[in-house]
Amino acid sequence: MSGRPSRPSPELPATLNARDLLAIYRPDISEELVRLNAPPYRHTQLYEHLVRRPGATFIEASSLPLNLREALAARGHTTLEVRARQDSADGTTKLLFAARDGVLLESVIMRYARRSTVCVSTQVGCSLACTFCSTGAMGFIRDLTAAEIVDQVRAAMALLETEEKRVGNIVFMGMGEPLLNLDAVLVAIRVLKDPAGMDFAQRALSVSTVGIPAGIRRLARVEPQVNLALSLHAADDTLRTRLMPVNRRFPIAQVMRAVDDHFVLTHRKLFVEYLMLAGVNDQLRHAHTLATLLQGRVLTVNLIPWNPGCGDYRPSSPAAIAAFQQQLAERGVEATIRAGRGLDIAAACGQLATRTAPGRNPKPASRDRARPGERRQPQRPKPTRRRG
Ligand code: SF4
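Attention in this report is confined to the structure presented alongside it.

What counts as what
Residues numbered from 1 in each chain as written. Predicted model: local features only at pLDDT ≥ 70, side-chain atom pairs only at ≥ 80, totals over all residues. Helix = DSSP H or I, 4+ residues; strand = E, 2+ residues; numbered from the N terminus. Buried ≥ 20, exposed ≤ 12 C-beta atoms within 10 Å, placed from the backbone. Contact = placed C-beta atoms within 7 Å. Near = placed C-beta within 6 Å. Nonpolar A, V, L, I, M, F, W, Y, C, P; charged D, E, K, R; others polar. Pairing = 2+ DSSP bridges. Axes fitted to C-alpha atoms, helices over the stretch in contact; angles between N-to-C directions.

As a further point, take the overall build of the protein chain. Along the protein chain, the regular secondary structure elements total 13 helices and 12 strands. The proportion of buried residues among the 388 residues of the protein chain is 49%. Taking all contacts inside the protein chain whose residues are at least 6 apart in sequence as the whole, residues at least 24 apart take part in 71%.

Below, the structure is given as structure tokens:
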């Protein structure tokens, strides 16, 4: 990858042609075509090659003249390079990628009977240091570009194509906080849903967040059909701050106001993610507090058994999770229990980290950067635990 940040996208026009999309998806390649004096239709041909033939290299872009292909091929692989693949007994696959600047990142493919889901990363590492999350323990390395986000999907499509399967859903729930890299995420969504390209339905896309209010509102304005998942994990501020230091900056009431605004703009059901930690947040009084917080809203709670990886936690027992679900149901709050996937290859929720990869990521970035729409970043909390 070029390492170049994707162009800010707050004011993308309603319709974009393939040439525009190439320019925002791969500005480096678009600029290279300009430098090579390639006519405008070559931009369109290359964009179509990249998005319609996942896994194909530049040299295989047979609609382009050989000299152009050779010039592009000299730039190396198209974006991300798959460095390793791990397959779980349950049909989950974890892919380890190297970007062109050497940073390592992971994404996960979950195969289901009818369709498959790919869980993509939006950052390398994460600045938010949730205490149960291996990615958070890495620290923040850098944002991914739109092309690096899309290319995780391209790689999944290429892999599944060999099995005569296809990607059905894309969830932005891998490494990083998507709403802290929202410019790139919005461009990636634009490319993924482009009818002339990959043509994913907007409702097949889900963005997960710890609750960045300005980002939630902007996502609702720009992509109202994309699903929103809120990582809540606790319904009172004291406990949530203990689990997720970002809660100091954005306490629960602020976050709930933002998701209510999201609903007003989108009329979309909210998904609330709730990690079940034995003896920490899984008792009936916690379910009661959660129900009180959520009652009356259009949402589903996903109860997620904790996956070993980071933090001194234990998973809640199946009986505790069932009782928690029952308590929510009695209070009129719909809840499902999510089956853990990819545990044996450390691909489950909260387990992604490139610490065991062949090659190392650079040191974490030393400071947070201001993001559009936020006056200031949540303070980077001091690490409270060793890496999981
Ligand atoms: S759970 Fe998400 S936001 Fe929290 S540290 Fe992990 S990647 Fe970052």
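Turning our eyes to something else, we now look at the site of the ligand. Surveying the vicinity of the ligand reveals the residues C126, L128, A129, C130, C133, T135, G136, M175, G176, E177 and V210. Across the shell around the ligand, the residue classes tally to 7 nonpolar, 3 polar and 1 charged.

A few words now on the environment of V171. Within the element layout of this structure, V171 appears in strand β7 (residues 167–172). Since 21 C-beta atoms lie within 10 Å of it, V171 is described here as buried. C-alpha separation for the pair V171 and S121, spaced 50 residues apart in sequence, amounts to 9.0 Å. The contacts of V171, once residues within four sequence positions are left out, are T117, C119, S206 and S208.

Our focus in this paragraph is the sheet that holds strand β8 (residues 205–209). Strand order across the open sheet formed by 10 strands is β1-β2-β3-β4-β7-β8-β9-β10-β11-β12, with mixed pairing between neighbours. One side of each edge strand has no neighbouring strand; the edge strands of this open sheet are β1 (81–87) and β12 (335–337). Between one strand axis and the next, the sheet turns through 25° on average, direction left out of account. Bridge analysis of β1 against strand β2 (residues 92–98) gives 6 bridges, and the strand direction is antiparallel. For Q86, the partnering residue across the bridge sits in β2 and is K94.

Treat this as a map of the structure, not an account of what it does.
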